[in-house]
Amino acid sequence: MKLDPETIDVSIEELEKLVERAGQQTLADHERRQLRAAVETLGQMARMLADKDATLRQLRKMLLKPGEKPATTEKTRTVLERAGLQPDAGEAAKSAVEKKKRQGHGRNPARAYEGARQVKVTHPEMKPGDRCPECLKGKVYRLKVPAVRVRIVGQAPVQATVYELEQLRCNLCGEVYEPPAPAEMGTEKRDETAASMVAVLKYGSGVPFYRLAGLQANLGIPLPSSTQWDMVAQAAEPLKPVHEELIRQAAQGRVLYNDDTAVRILSLQRETAADRTGLFTTGIVAETQTGHKVTLFFSGDKHAGENLADVLAKRAAELPPPIQMCDALSRNVPKLPPGLVVLLANCLAHCRRHFVEVAPNFPPECQYVLETLGEVYGNDDTARKQGMTPDQRLAHHQARSGPLMKQLREWGERQLGEHLVEPNSGLGEAIRYLLKHWEKLTLFLRQAGAPLDSNIVERALKKAILNRKNAMFYKTRNGARTGDLYMSLIHTCEVCGGNPFDYLTELQRHAAEVKENTPAWMPWNYRATLDEAAMAKAA
């Protein structure tokens, strides 16, 4: 049976009434069309579900109205509008302010080109103090701000230079002489920057080796996939001490976020139980004692909680318990040895998502929850903008968000206690999730520095997801560990506002110094270390 191309918007309640009337009287033409469309849609869905090649995208496309797109945002205003409701005045005013923001024109000022080569150009015929050629009376002087022009050129990601050294041979003894090699030629075939560029493209931007190999071949500078792997594998050796130091400093962190995502490793000797089938890339983001953020990735058969336990095993015993932020999935919670504890907090954004998903079916109830949580997030945004200390932020939330969350809890208990909502419905399950994890969801009302959600580690995992989407899999555990090392260094450097390409290059060039004093070569302080070394050398 072929699906009717005509799309008819029919609710479940309308279909139930149609079924009742069908047994009592003859249906009208438009009612028969609605009933036939519903039956054919169910039949088509059954066939698609039976087809193992059917995707959720195909099912969603079939059920949506023509021209209607699936939701791509969870903003309260958008969710409520899709549910047929209008946001309150505060939300509408906030939306109006967002729309009034000036649109960017896509241009960057010259100061944004921090990595560009800087060239100073002086006037070829004039200098400060010369007579003005226009009025012949005044004298020219140098302005503090020079005129700036930006020139952008294209080039291959990895470049090469062919040096042709002249050879002179003695016609008597046969000895061959070559000129001294230029200093810029170096002693190795590949410069440190080549491995850094391949690593940043592969593990930072998700460009697979084969895709970069094809691009390089098209540009006349061949760089096979096997050669790229050899380059990043060799360059990873001097980076291992830095990776270990990042893990050590993350273990001492005040707040640790963790979550995981799926990964494929073709050849893997399992470290856990043989009956465990899943493979995961765990993301851990730690806020260190000095206020810096460290991002770590671990790929294998261990869950996020097990990898976090391995990291916390390096924690100093004298430090207070850290705050752990994650969603409510049990595998995210580490099993720690006696004496080592964490203050567990659950993600408020994950809780909110339960209500977002059922908002079309329970609009008024979900509107109350979403707008209440929106006020809580607004309070947190105020604390961030005003630069409040953790203790000030705690007091701010207790005064502003505490009453809101109390009312939300009482509302949820009343909905279930007075049977105002079916416990097994979508809304009932969302409310039960909220109440079940209430203490962990509201840790920010009792503990200074506790975050509201785990969005920061969700964003970090996009680095692993991007690589998985483009490269599909790791071949071996060694390849996965190499990827974890580079992703950890690159993403940590990015969140610290650094340049990952420059960072990886400097670590390779100063491998001996890095090994001798690793803490001085973190993404947030390596530039200061280089400046100190340059000053000492100049003195």
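Placed above this text is the structure.
As a starting point, this report considers the structure included with it.

1. Observations concerning the overall build of the protein
Here is step 1: Regarding its fold elements, the protein presents 20 helices and nine strands.
Here is step 2: For the protein, the residues scored as buried account for 37% of the 539 residues in total.
Here is step 3: The long-range share in the protein, meaning contacts at least 24 apart out of those at least 6 apart in sequence, stands at 64%.
Here is step 4: By element, 52% of the accessible surface of the protein is carried by carbon and sulfur atoms, the whole surface being about 33600 Å².

2. Some words on helix α14 (residues 426-436)
Here is step 1: Taken residue by residue, α14 has L427, G428, A430, I431, Y433 and L434 as its buried positions.
Here is step 2: Contacts from the buried residues of α14 go to α11 (348-358), α12 (363-385), α13 (390-417) and α15 (438-441).

3. What to know about the packing of aromatic side chains
Here is step 1: For the structure on display, the rule yields three aromatic pairs.
Here is step 2: Summarising the aromatic geometry, the rings of Y368 and W411 are spaced 5.3 Å apart at their centres and angled 50° between planes, so their arrangement reads as tilted. Taken together, the residues Y368 in helix α12 and W411 in helix α13 connect sequence positions 43 residues apart.
Here is step 3: Since its relative accessible area comes to 28%, Y368 is described here as partly exposed.
Here is step 4: Plain terms: the ring middles of Y503 and Y526 are 4.8 Å apart, the flat faces sit at 55° to each other, and that makes the pair tilted. Placement of the pair is Y503 in helix α18 (residues 500-509) and Y526 in helix α20 (residues 526-538), with a sequence separation of 23 residues.
Here is step 5: Its relative accessible area of 4% is what places Y526 among the buried residues.
Here is step 6: The ring centre of F209 lies 5.0 Å from the NZ or CZ of K202, which sits over that ring.

4. As for the pairing of strand β5 (residues 280-287)
Here is step 1: With eight of eight residues buried, β5 is to be regarded as a mostly interior element.
Here is step 2: Alternating positions in β5 separate into two faces, F280, T282, I284 and A286 on one and T281, G283, V285 and E287 on the other, with burial throughout.
Here is step 3: Summarising the sheet, strand β3 (residues 255-262) and β5 pair through eight bridges and their orientation is antiparallel. Pairing of D260 across the sheet is with T282, part of β5.
Here is step 4: Inspection of the sheet shows β5 paired to strand β6 (residues 293-300) by eight bridges, in the antiparallel sense. Across the sheet, residue F280 finds its bridge partner in β6, namely G300.

5. Some remarks on the sheet that holds strand β7 (residues 323-326)
Here is step 1: Judged by pairing direction, the sheet is mixed, and its five strands sit side by side in the order β6-β5-β3-β7-β8 without closing on themselves. Two strands bound the open sheet, and with one partner strand each, they are β6 and β8 (343-346). Ignoring which end each strand starts from, the neighbouring axes of this sheet average 20° apart.
Here is step 2: With four bridges joining them, β7 and β8 adopt parallel strand pairing. Counterpart to I323 in the pairing with β8 is L343.

6. Comments concerning the side chain of T261
Here is step 1: One can find T261 in strand β3.
Here is step 2: Within the structure, T261 has its side chain in polar contact with the side chain of R468 (distance 2.9 Å).
Here is step 3: When neighbours within four sequence positions are excluded, T261 is seen to be in contact with L279, F280, T281, L461, I465 and R468.

7. Quick notes on a nonpolar patch on the surface
Here is step 1: Side chains of V148, V150 and I152 sit close together on the surface and give an oily, nonpolar patch of about 280 Å² of accessible area.
Here is step 2: Note that V150 resides in the loop between α5 (89-100) and β1 (168-169).
Here is step 3: Taking the relative accessible area as the measure of exposure, V150 reaches 46% and is therefore partly exposed.

8. Brief notes about empty space enclosed by the protein
Here is step 1: In this structure the tally under the stated criterion is one cavity of 30 Å³ or more.
Here is step 2: Considering the residues around the largest cavity, the lining is formed by T261, A262, V263, T281, A464, I465, N467, R468, A471, M472, F473 and Y474.
Here is step 3: Elements supplying a minimum of two residues to the lining of the largest cavity: β3 and α16 (455-471).
Here is step 4: With five residues, α16 is the largest single contributor of residues to the lining of the largest cavity.
Here is step 5: Looking at the lining of the largest cavity, its residues break down into eight nonpolar, three polar and one charged.

Quick notes on the rules
- Residues numbered from 1 in each chain as written.
- Predicted model: local features only at pLDDT ≥ 70, side-chain atom pairs only at ≥ 80, totals over all residues.
- Heavy atoms only, no water.
- Helix = DSSP H or I, 4+ residues; strand = E, 2+ residues; numbered from the N terminus.
- Buried < 20%, exposed > 50% of the residue type's maximum accessible area, 1.4 Å probe, protein only.
- Contact = heavy atoms within 4.5 Å.
- Areas by Shrake-Rupley, 256 points an atom, 1.4 Å probe, with all protein chains shown as cover.
- Phe/Tyr/Trp six-rings, centres within 6.5 Å; stacked < 30°, edge-to-face > 60°.
- Lys NZ or Arg CZ within 6 Å of the ring centre and 35° of its normal.
- Pairing = 2+ DSSP bridges.
- Axes fitted to C-alpha atoms, helices over the stretch in contact; angles between N-to-C directions.
- Polar contact = N/O pair within 3.5 Å; in protein donor to acceptor, adjacent residues only side chain to side chain.
- Patch = residues over 30% accessible without salt bridge, like charges linked within 9 Å, V, L, I, M, F, W, Y side chains within 5 Å.
- Salt bridge = Lys/Arg side-chain N within 4 Å of Asp/Glu carboxyl O.
- 1 Å grid on protein atoms, 1.4 Å probe; cavity = no way out; pocket = protein on both sides within 12 Å on 5 of 7 lines; lining within 4 Å.
- Points joined across faces, edges and corners; volume = space filled by probe spheres on them.
- Nonpolar A, V, L, I, M, F, W, Y, C, P; charged D, E, K, R; others polar.

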